[in-house]
Amino acid sequence: MDEAKYSLKDYKSDLKPIWCPGCGDYGVLNALMQALVKLQIPPHKMALVSGIGCSSRLPGYVNTYGFNGIHGRVIPLATGVKLSNPDIKVIAVGGDGDGFSIGAGHIPHAARKNIDITYIVMNNNIYGLTKGQASPTTPVGEQTKTTFYGNMDEPINPVRMMIAYKASFVARVFSGDPKNTIDVISRAIQHRGFSFVEVLSPCPTFRGMEQFKLIREKVRPLPEDYQPTDEVRAFEIANDNDFIRLGVIYRQDRPIYTDIMRKMQQVSEKMGKPEILDLLKQFEP
Amino acid sequence: MARNNNNIVIGIAGSGGDGVISAGEILVNAASSDGLFVFMLKSYGAQIRGGESSVRVRMSSEPVATQGDKLDILVVFSWKDFLKFQSEMLLEDHVVILSDLEDSFPEENIPIPADKLKNWYKVPFNQLATDAAGTSLAKNIAMLGVISELFNLPKTALEKSIKKKFGGKRKDIVEMNLNALKAGRDYVKKDIEKKDSVLFEYTPGEPRIVMEGNEATAFGALYAGVEFYAGYPITPSTEIMHWLSVYLPRYNGVVIQMEDELASINAVVGASFAGRKAMTATSGPGISLMSEGIGLAGMAELPIVVINVQRGGPSTGLPTKTEQADLMQAIWGSHGDAPRVVIAPSDVEDCFDCTVLAFYIAEKYQLPVIVLSDAFIGHRKESINPNRIRDLKYGFKKINRRITPTEKELEDYHRFKVTKNGISPVTWPGMENGMYQAAGIEHDEKGFPSSDVSVHAGMTKKRWEKFREIKREFSFERFYGPDDAELGIIAWGSTKGAVKEAVARANANGIKVQAIIPQILYPFLIQPFHDFLVNKKRVIFVEMAYAGAFRRYLRGFVRFGDFGVETVSYRQTGGIPFTVGQIYDKIVEEYEKKDA
């Protein structure tokens, strides 16, 4: 194998992460950069897009084209970038609040359109940036700053939701498990279509150090004979309350939006592509 | 007022299935074929699809700027539907009314005074169509046969226009409609004894092209080189997306229907970040949802064009009807000090100009540009001078893309470099060595987040510096009437037509008045207003907005008192556009005060 052109330092920006000590997002940043080294994606040929939240700071820490947009709109922002230049690898990142609360309305549409982007959600079950309010994945009964008497809302199960939306690649990993995280993120980036990776990324500051321990106790690899193309099996895995299964849980090969778009452009060109001013003819009586 | 025989206004009212709009379109095309100037206005009930609809067609051998105040001819397929439009369909004293013979609506309930009912023909439109074409669906065409014969409207051109309209369908459908047209004409010859005095007189000329405001906007965007459109359907703006979804893909552009306006604006910002000329179009409720995204484009200094085809508000408001109440929202409608340019088209042709101009400004200055159109312009058809579009008044032969850094600048690239005019070279994904982070969060010249107050002060200033340059580059005020008039009118957007015609009428009658209609509303170009005010003693602000936002806005910049100018506000809520008569009466009222 030829010597790799891009190494870790090429992907590191001059900005130093300001996440809390012990934050799970360090592991995600590291795994993402390792995946980029592995895939040798030129830094100028990708865009790292985010919304608002602790995890949405991530693009600033990577030396590439980044866009730290507004709260909840990472998916349409990424969609605009991808459709404008299908040759660019577009990776959207964010947290559970950004993605599943304020931004939840956008996810089914990117999934059904099969926009060829990768969406990494760092799920810590809490709002960290605003210092500890309930998120859509906070467990029932949990006391947070906005749920003093215990959280009343049934949490969202991101994997189950994504399978239901027909996201064409659905995976779950744990930021405390770098090897698997690098591998799955790499496969998500290589996947043609909308790929979703939930990273269990603990928040020691607002969920306590025991979150790491609890997750570590419950995580298991997928069964050996597991086939991610079986939708019913995928739902079973997503619904498993005893163990948190990690890996690529669901996958489907479907045409991607930008390919269909290019075909449509070709079809439309056959209908005539006159000088633009000659289009004025259609307004003649 | 005495009848002017080369200028005629026809109104048609009916329900959705009566083919009211189709009839109007066929008539407009026929008139344009014969070289007439036309103006066509559609009006619907709020349900948009189905329900009552009406159309108004004005044709003249002279250029026209409005739909005409009152109807010379009123066609009623159903009186019940007419009731919904009676406040917008005012009638001349000499009006000729044609209604369907079969309409069982009680005559005593018709809300028209007896003296205007003297020229009333009850015509069996339904029967004529059924006999001649085998279907009552052709009654709108039978009606066109009747009115063209009765009032000397274009005839051969009408046949041509029908062939064009139905030509794509089965051949027998064209035949059927031509039969219905003939049946209408024959009916007039045999069964109507003309008792009215309305007769159109004109000499056919070279065909003119006709466009709707929203089509002109879409066409302007394509001309300016738009590459990306993301949008969400909303009345009265959707035709812009319809048109672009047909044509933009042919030029390798993207049109995508998003899940809502939040998504639309963010996709547009994303596309601009990726280096594309990007736009969206919407109406008031959509703009409300887009406000945060427009602010993001301001902060990230990305060029975007946002069209607001205004409708009556607040909230859902009057989806199909016009108003000018979004001015302040356009100028100030995001949180924070977020500069954006606001320009307002004043007629259909101007929709083209303003959209081209919007892309020019957005790309050059790297900021959002809002084009404030409205339902009155967006949904009407007007004659267009194609040569004017071909020549492009402003000489923007090429809308240049935003400036990019030189290789030397890329050696130590500062995306948000503070420059004298606030414009800094920009890269986009795919360009080697140009990597940077765009952000909604405050950032330094490199693009790194910063909460440092001096950074914020410097960057805010940088973003606003662009306004200085824009004010230097443009002066687009339009003046109508003599400079030495002591009475002035300041109006904007779609009120131009009525103001322009009223000013012309007043000056013809010896009442000196001058109007000014700005095109770029923000940044505020003050000099033309100062020039305008030199000889003025009294100025009328005309706007279609109850709270008078335009007046308040102007008074924030122009010290009318320093010029010794008294100001009067003339405004009405949205729905029905101002008539020429209304503005004229106001001019006379204020003019007479000068001697008081």
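This text follows the structure it describes.
Structure report, in brief. Computed from a predicted model, the values in this text were never measured in an experiment.

**Re the packing of aromatic side chains**
All names here are of chain B.
Next up, step 1: Applying the stated criterion across every chain, the model contains 36 aromatic pairs over all chains.
Next up, step 2: Centre to centre, the rings of Phe39 and Phe376 are 6.3 Å apart; their planes meet at 50°, and the pair counts as tilted. Of this pair, Phe39 sits in strand 2 (residues 37-44) while Phe376 is found in helix 13 (residues 375-378), placing the two residues 337 residues apart along the sequence.
Next up, step 3: On the basis of relative accessibility, which here comes to 8%, the residue Phe376 falls in the buried class.
Next up, step 4: An aromatic cluster is present here, built from Trp332, Trp464, Phe467, Tyr522, Phe524, Phe529, Tyr553 and Phe557 joined pairwise through their rings.
Next up, step 5: Between Lys122 and the ring centre of Trp120, over which it is positioned, the NZ or CZ distance is 4.5 Å.
Next up, step 6: Sitting over the ring of Phe532, Lys536 keeps its end group 4.5 Å from the ring centre.

**Overview of the side chain of Ser168(A)**
Residue and element names in this part refer to chain A.
Next up, step 1: By the element assignment, Ser168 lies in the loop between helix 6 (158-164) and strand 7 (169-174).
Next up, step 2: A relative accessible area of 0% places Ser168 in the buried class.
Next up, step 3: Of the polar contacts made by the side chain of Ser168, one reaches the side chain of Asn114; its length is 2.8 Å.
Next up, step 4: Excluding residues within four positions of it along the chain, Ser168 makes contact with Asn114, His191, Arg192, Gly193, Phe194, Tyr250, Arg251, Gln252 and Arg254.

**Some thoughts on the sheet that holds strand 18 (residues 513-517) of chain B**
Backbone-to-backbone hydrogen bonds pair the strands of a sheet. The strands run either parallel or antiparallel.
Residues and elements named next belong to chain B.
Next up, step 1: Taken in spatial order, the 5 strands of this open sheet run 16-18-17-20-21, and their pairing is mixed. Lying at the two open borders of the sheet, with one neighbouring strand each, are strand 16 (478-480) and strand 21 (566-571). Neighbour-to-neighbour, the strand axes of the sheet open up by a mean angle of 20°, direction not taken into account.
Next up, step 2: As paired elements, strand 16 and strand 18 share 3 bridges and run antiparallel to each other. Bridge pairing in strand 18 links Arg478 to Ile517.

What counts and how
Per chain, residue numbering runs from 1 following the sequence as it is written. Lettering for chains starts from A, numbering for ligands starts from 1, and both go in the order in which the items are written. The predicted nature of this model means local features are confined to residues of pLDDT at least 70 and side-chain atom pairs, given and counted, to a pLDDT of 80 or more, with totals for whole chains, interfaces and linings taken over all residues. Just so you know, side-chain values use all the structure's heavy atoms and leave hydrogens and water out. Here a pair means two rings of Phe, Tyr or Trp (six-membered ring of Trp) with centres within 6.5 Å. Their orientation is stacked below 30 degrees between planes, edge-to-face above 60, and tilted elsewhere. Helix numbering and strand numbering both begin at the N terminus, where a helix is a DSSP run of H or I of at least 4 residues and a strand a DSSP run of E of at least 2. Categorising residues by exposure relies on relative accessible area from a 1.4 Å probe, with only protein chains included: less than 20% of the type maximum marks a residue as buried, more than 50% marks it as exposed, and the intermediate range marks it as partly exposed. Should the NZ of a Lys or the CZ of an Arg lie within 6 Å of a ring centre and within 35 degrees of the ring normal, that charge is described as sitting over the ring. Whenever a nitrogen or oxygen atom comes within 3.5 Å of another N or O atom, the pair is scored as a polar contact, on the condition that within protein one atom can donate a hydrogen and the other can accept it, and that pairs from neighbouring residues in sequence are kept only if both atoms are in side chains. Contacts between residues were defined by any pair of non-hydrogen atoms, one from each residue, lying within 4.5 Å. For two strands to count as paired, DSSP must find a minimum of two bridges between them. Note on geometry: axes are lines fitted to C-alpha atoms, helical ones only across the stretch in contact, with angles between N-to-C directions running from 0 to 180 degrees.

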